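Overview (structure and organization)
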Amino acid sequence: EAQVTQNPRYLITVTGKKLTVTCSQNMNHEYMSWYRQDPGLGLRQIYYSMNVEVTDKGDVPEGYKVSRKEKRNFPLILESPSPNQTSLYFCASSAIGYGTEAFFGQGTRLTVV
Amino acid sequence: AQSVAQPEDQVNVAEGNPLTVKCTYSVSGNPYLFWYVQYPNRGLQFLLKYITGDNLVKGSYGFEAEFNKSQTSFHLKKPSALVSDSALYFCAVRDGGNTPLVFGKGTRLSVIA
């Protein structure tokens, strides 16, 4: 089954404790991205990657890092989380091309206290 | 830069009545338009897209959308709403090439029995 898998689904952590949210896709997609969803703000892109070792900033990259060492994986790293990073995070993947739809993971609800 | 507006935060409709969820967009080139739905505690699911061709696009679960170039709109429609259609709906646009998908803020649809 074609899918994007994120882990964990729920995470509560303390300010400053480094964390990683994993994302993996099994569709051999070149393009992967991370979004955060906040009430009233919709989805905002954090980072994206158009292929292995190629990453770029989205609209809200501050406080986040990503890596793309393999085509299927695109982890999101918060080196020093802060309460304003409490949010719902989604990973997405798609084939390259203007008409291709994105496939989304189930989401990770992160709370930073 | 491309942008999407969903002018209604909330749409209420009675079961069996037609529904419309509005979306307008702004791009510099040709628009590639998408609708996604999000059910509670789930990721976003692709509904339909407009790339080129017929202005009326049909998608999943009986939904359709009408592309109107002169009004820069891509409204989502369904002839007869179901209670199970209650969810959060997102419109998204890509401005050609390999540019990222840009999402609207979402519209919450409530279908009342």
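Scroll up to find the structure this text is about.
Residues numbered from 1 in each chain as written. Chains lettered and ligands numbered in written order. Predicted model: local features only at pLDDT ≥ 70, side-chain atom pairs only at ≥ 80, totals over all residues. Heavy atoms only, no water.

1. Quick notes on the overall build of chain B
Filter applied, for reference: Here a strand is any run of E in DSSP of at least two residues, a helix any run of H or I of at least four, and the numbering for each starts at the N terminus. Within these notes, the globule rule equals 2.2 Å times the number of residues to the 0.38 power, and the radius of gyration is based on C-alpha atoms. The classification of residues rests on relative accessible area computed with a 1.4 Å probe and restricted to protein chains. Under 20% of the type maximum is buried, over 50% is exposed, and intermediate values are partly exposed. By the convention used here, residues are in contact when the closest approach between their heavy atoms is within 4.5 Å. Areas reported as accessible are Shrake-Rupley estimates using a 1.4 Å probe. Residue values count occlusion only from the protein chains shown.
Secondary structure assignment for chain B yields zero helices and twelve strands. Relative to a compact globule of 113 residues, whose C-alpha radius of gyration would be 13 Å, chain B shows 13 Å and is just as compact. Across its three principal directions, the C-alpha atoms of chain B cover 40 × 30 × 20 Å. Going through the 113 residues of chain B one by one, you find that 46% of them count as buried. Contacts in chain B between residues at least 24 apart in sequence constitute 56% of all its contacts with a sequence separation of at least 6. Summed over its atoms, the accessible surface of chain B is roughly 5,300 Å², and 48% of this surface lies on carbon and sulfur atoms.

2. With respect to the interface of chain A and chain B
Filter applied, for reference: Accessible area that two parts lose when put together, with a 1.4 Å probe and added across both, is what the buried area reports. For salt bridges, the criterion is a side-chain nitrogen of Lys or Arg within 4 Å of an Asp or Glu carboxyl oxygen. Between N or O atoms, a polar contact is any pair within 3.5 Å; within protein, one atom must be a potential hydrogen donor and the other a potential acceptor, and residues adjacent in sequence are included only when both atoms are from side chains.
Contacts between the two partners involve 25 residues from chain A and, on the opposite side, 22 residues from chain B. Both sides of the chain A and chain B interface together cover about 1,800 Å² of buried area, and 53% of this is carbon and sulfur. We note a salt bridge from K49 of chain B to E101 of chain A, for which the minimum N-O separation is 2.9 Å. The interface formed by chain A and chain B includes eight residue pairs in polar contact (both at pLDDT 80 or more). When residues of the side of chain A that touches chain B are traced back to their parent elements, those giving at least two are β4 (31–38), β5 (42–51) and β9 (87–94) of chain A. The element best represented in the side of chain A that touches chain B is β5 of chain A, accounting for five residues.

3. As for the state of the cysteines
Residue and element names in this part refer to chain A. To keep it simple, the criterion reads: When two cysteine sulfur atoms lie within 2.5 Å, the pair is treated as a disulfide.
The final tally for this structure, using the stated rule, is two disulfides over all chains. The disulfide partner of C23 is C91, and the gap between their sulfur atoms is 1.9 Å. Residues C23 and C91 share a disulfide whose torsion about the S-S bond is about -70 degrees; that sign makes it left-handed. Of the two residues, C23 sits in strand β3 (residues 19–25) while C91 sits in strand β9, which places them 68 residues apart along the sequence.

4. A closer look at the pattern of salt bridges
All names here are of chain A. Scanning the entire structure with this criterion turns up seven salt bridges over all chains. Across the pair R36 and D38 runs a salt bridge, and its minimum N-O distance is 2.8 Å. Judged by its relative accessible area of 9%, R36 is buried. Classification of D38 by relative accessible area gives buried; the value is 11%. Beyond isolated ion pairs, a larger network of salt bridges with shared partners links R36, D38 and R44.

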